[in-house]
Amino acid sequence: MSARLLIVGPQGSGKGTQGVRVGAALDIPVVSTGDVFRANVAEGTDLGLQVKSIIDAGDLVPDELTSAVVRDRLAQADAAQGFLLDGYPRNLAQVMHLDEFLEGRDEKLDAVIALVVPREESLSRLTARAAEQGRADDTEEAIATRLGIYERETAPILDVYGTRGIVDEIDGVGDLDEITARIFAALEARGLRPAR
Ligand code: ADP
């Protein structure tokens, strides 16, 4: 079954973890812009060199560049029947880019999973992750920048998708499996069921 999904949530909301679970269950590729950028930085590609300092500071990579990366990825064969986007779009300009791209393919998003996590909770999870994983953008300053951008630029995209009736707000606090179950319940209510 095809499903075109977007998962949105503040840093530390667990969207990466939940996105991978949902993608696997629905048998659709997960397209995480953060992962794509980090892989390019690790491999030292041209793209990686271009974005490294931006990412480390917690700022957004320019919209045109990010949208081009996503368009390339979605043009690959495995995304023809569906995909789950994690981390894109994350501002209104990117929503317009994605709309245009999907309209050109006669496609649209089926659902937007919005993980709801209070700021204090995401802050404490990020601080814990910083100690464990040492991601370059998990410094106190970059975290503050990323959360600020989320609140100012990313949260408003939920209003746009909300008017289209495709947003499912999911309580992102609690046991990981419990949260996954909440997401599946919401997707099933839209007729989107795991393949097995
Ligand atoms: P987080 O959600 O914890 O900030 P991500 O892995 O989603 O982590 O993204 C890491 C970084 O990659 C962002 O801070 C930003 O620099 C860059 N990035 C990811 N997605 C986008 C996007 N859609 N637009 C611009 N920059 C992005």
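Basis of the calculations
- Residues numbered from 1 in each chain as written.
- Predicted model: local features only at pLDDT ≥ 70, side-chain atom pairs only at ≥ 80, totals over all residues.
- Heavy atoms only, no water.
- Salt bridge = Lys/Arg side-chain N within 4 Å of Asp/Glu carboxyl O.
- Helix = DSSP H or I, 4+ residues; strand = E, 2+ residues; numbered from the N terminus.
- Buried < 20%, exposed > 50% of the residue type's maximum accessible area, 1.4 Å probe, protein only.
- Pairing = 2+ DSSP bridges.
- Axes fitted to C-alpha atoms, helices over the stretch in contact; angles between N-to-C directions.
- Parallel < 35°, antiparallel > 145°, perpendicular 65-115°, else oblique.
- Left-handed = near helix turned anticlockwise from the far one by under 90°.
- Contact = heavy atoms within 4.5 Å.
- Nonpolar A, V, L, I, M, F, W, Y, C, P; charged D, E, K, R; others polar.
- Near = heavy atom within 4 Å.
- Polar contact = N/O pair within 3.5 Å; in protein donor to acceptor, adjacent residues only side chain to side chain.
- Areas by Shrake-Rupley, 256 points an atom, 1.4 Å probe, with all protein chains shown as cover.

Undergrad: I'm lost on the pattern of salt bridges in this one. Help?
TA: Pairing is possible between side chains that carry opposite charge, provided their charged atoms lie close to one another. Inspection of the entire model under this criterion finds 18 salt bridges. Salt-bridge contacts for Glu151 lead to Arg119; the nearest nitrogen and oxygen are separated by 2.7 Å. Linking Glu151 in helix H7 (residues 140–163) with Arg119 in helix H6 (residues 119–133), this pair joins segments that are 32 residues apart in sequence. Of the residues examined, Arg119 reaches a relative accessible area of 36% and is grouped as partly exposed. Through salt bridges with shared partners, a single ionic network connects Arg129, Arg135, Asp137, Asp138 and Arg146.

Undergrad: Would you mind showing me how to read the sheet that holds strand E4 (residues 111–116) here?
TA: What holds strands together in a sheet is hydrogen bonding between their backbones, with the strands either parallel or antiparallel. With respect to topology, five strands assemble into an open sheet ordered E2-E3-E1-E4-E5, the strand pairing being parallel. Looking at which strands have only one partner, the edges of the open sheet turn out to be strand E2 (30–32) and strand E5 (167–171). With strand direction ignored, the average angle separating the axes of adjacent strands in the sheet is 20 degrees. Here E2 runs beside strand E3 (residues 82–86); their pairing, made up of three bridges, is parallel.

Undergrad: Sorry if this is basic, but what is going on with the packing of helix H1 (residues 15–26) against helix H8 (residues 176–189) here?
TA: In a pair of packed helices, the angle between the axes and the distance between the axes together describe the arrangement. Relative orientation of the contacting elements H1 and H8 amounts to 50 degrees, with a least axis distance of 10 Å. Taken as axis vectors, H1 and H8 run oblique relative to one another. Seen along the crossing, H1 lies across H8 with a hand that is right-handed. Together, Thr17, Gln18, Arg21, Val22, Ala25 and Leu26 of H1 and Leu176, Asp177, Ile179, Thr180, Ile183, Phe184 and Leu187 of H8 make up the contact between the two elements. Among the residues forming the contact of H1 with H8, the class breakdown is eight nonpolar, three polar and two charged.

Undergrad: What should I look at first to understand the packing of H6 against H7 in this one?
TA: The interhelical angle for the contact between H6 and H7, taken along N-to-C directions, is 145 degrees, at an axis separation of 12 Å. The handedness of the crossing between H6 and H7 is right-handed. Contact residues: H6 offers Arg119, Ser122, Leu123, Leu126 and Arg129, while H7 offers Ile143, Arg146, Leu147 and Glu151. Within the contact of H6 with H7, the residues separate by chemical class into four nonpolar, one polar and four charged.

Undergrad: What exactly am I supposed to notice about the side chain of Gln94 here?
TA: Tracing the chain through its elements places Gln94 in helix H5 (residues 92–104). Classification of Gln94 as buried rests on a relative accessible area of 2%. Aside from chain neighbours lying at most four places away, what touches Gln94 is Asp63, Thr66, Ser67, Tyr88 and Pro89.

Undergrad: I would appreciate a short explanation of the site of the ligand in the present structure.
TA: Contacts to the ligand come from 19 residues, most closely from Thr33, Asp59, Gly87, Arg90 and Arg146. Taking Gln11, its side chain carries an N or O atom lying 3.2 Å from an oxygen atom of the ligand. Separating a nitrogen atom of the ligand from a side-chain N or O atom of Gln94 is a distance of 2.9 Å. Contact with the protein chains hides 97% of the accessible area of the ligand, taken as 540 Å² for the molecule alone. Top element by residues in the shell around the ligand is helix H2 (residues 33–43). It accounts for four residues.

Read these as spatial facts, not as claims about activity.
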